[in-house]
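Summary of the model geometry
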Amino acid sequence: MTTTTAPRKTTRKSPAKPKANAKADKRFATDDPETLRGLYRDMLFVRRFEERTAQSYQQAKIGGYCHLNLGEEATVVGMAAAMRPTDYLFTNYREHGYAIAKGIEPGRVMAELYGRSTGTSKGWGGSMHMYDTATRLLGGYAIVGGQVPLAVGAALAVDYRGGDDVVVCQMGDGTTNIGAFHESLNIAALWRLPIVFLVINNQTGMGTTVERSSAEPDLYKRAESYRMRGERVDGTDVLAVRDIAAELLEGARREGKPALLEAVSYRLKGHSVVDPAKYRSAEDVSTARENDPIASFQAELIAAGVLSEQDPAAFEAEVREGVEAAVAFADASPHPEPSSLFDYTYATPVPGDSRRLPADPLFPADA
């Protein structure tokens with residue numbers, strides 16, 4: 001005999017506020033002003049870059065899918081600040097901000113969005129497939145969770161070679177419900193691999209709330225199943241993210257302890273640039289705006305005397321100039337030649353590799 005029960009009635013609410021990291025409580029005592037100003041500037045740059053990206057998409061200069069980091073800038077910049085330049089980063093398709101924070105020139109990021117040959121993937125990847133070996137950003141993956149097993153493989157390679165680099169694997173909250181996520185955490189814990197899993201919990205996986213999609217909505221607790229350290233952090237606090245991330249990275253680097261970090265934030269727009277987010281209530285939208293990480297950090301810095309009342313306008317002008325320079329670079333860059341479409345299909349030549357384009361004849365004319 002089979003019985004069924006009605007779905008649990010859920011109320012849309014934010015997860016419990018993460019506990020402030022102890023180090024972050026002393027941030028203005030332990031960080032020099034230039035470091036704080038730099039973090040503020042980096043967050044502002046990601047925000048204006050993404051806003052300009054949305055504008056370019058509406059102007060039909062960017063095609064395909066396009067997902068923005070709006071509202072998640074503190075997590076993007078905080079994690080990058082905790083990483084070494086030689087650490088590896090795997091991301092999902094919401095990765096423009098991470099590409100910039102990892103050190104890729106903004107012009108190359110925008111050029112990739114525009115589909116130009118000067119982009120990070122030579123114009124063939126677009127928004128969802130940023131890639132750059134020099135800065136060790138190894139994707140940009142469009143398949144939900146596609147990056148997770150690959151990131152674990154990279155961590156295994158680091159461990160096998162005896163290096164002290166760490167792999168960071170970023171993902172959305174929805175990824176924690178797929179099989180590859182659990183298999184990857186299990187392997188990472190069994191083999192003590194140098195990896196930190198970063199779960200961006202913006203509280204809405206596409207259009208479904210975490211409470212309605214996860215039996216355990218406290219996503220950091222997923223780590224307990226694999227005897228792995230799990231932490232939740234306020235993803236709107238750049239210093240809290242940086243400090244706990246640095247601690248987890250150090251544990252992975254020195255002691256081979258993989259970890260999971262859940263960063264709770266608010267997505268300011270829909271899932272993608274074409275999503276009007278009608279599934280969100282007015283209260284949800286208001287809460288997201290009230291927790292704007294840039295406005296909050298700016299107010300703190302002004303109150304602490306790190307920023308003057310005039311500084312935000314100066315930073316704004318500098319950032320906008322940089323973003324427009326990236327746009328100009330993308331606009332002036334050439335489109336890739338159609339003949340280069342198959343250049344990077346395989347790492348090495350493959351016998352019988354077809355390079356026939358859709359309009360090409362099946363057989364040569366003189367055959």
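Attention here is on the structure that accompanies the text. (Residues numbered from 1 in each chain as written. Predicted model: local features only at pLDDT ≥ 70, side-chain atom pairs only at ≥ 80, totals over all residues. Heavy atoms only, no water.)

Overview of the nonpolar core
Formed by 55 residues in total, the largest nonpolar core has its most connected members in Phe 49 and Phe 297. Broken down by element, this core gets its largest block of residues, 9 residues, from helix H9 (residues 238-255). Residues within four places of Phe 297 in sequence aside, it is in contact with Leu 36, Leu 39, Tyr 40, Met 43, Val 238 and Leu 239. One finds Ala 151, Ala 154, Ala 155 and Val 167 within the second-largest nonpolar core, a separate group that totals 25 residues. (Core = buried A, V, L, I, M, F, W, Y, C linked by side-chain atoms within 4.5 Å. Buried < 20%, exposed > 50% of the residue type's maximum accessible area, 1.4 Å probe, protein only. Helix = DSSP H or I, 4+ residues; strand = E, 2+ residues; numbered from the N terminus. Contact = heavy atoms within 4.5 Å.)

So, the sheet that holds strand E1 (residues 88-91)
Spatially, E2-E1-E3-E4-E8-E7 is the arrangement adopted by the 6 strands of the open sheet, whose pairing is parallel. Two strands in the sheet have a free side with no partner beyond their single neighbour: strand E2 (137-140) and strand E7 (229-234). The mean angle between the axes of side-by-side strands here comes to 15°, regardless of whether they run parallel or antiparallel. Direction of pairing for E1 relative to strand E3 (residues 167-172): parallel, over a ladder of 3 bridges. Bridge pairing in E3 links Phe 90 to Cys 169. Running at roughly 170° to E3, helix H6 (residues 147-161) makes contact with E1, E3 and strand E4 (195-201) of the sheet. (Pairing = 2+ DSSP bridges. Axes fitted to C-alpha atoms, helices over the stretch in contact; angles between N-to-C directions.)

Read these as spatial facts, not as claims about activity.
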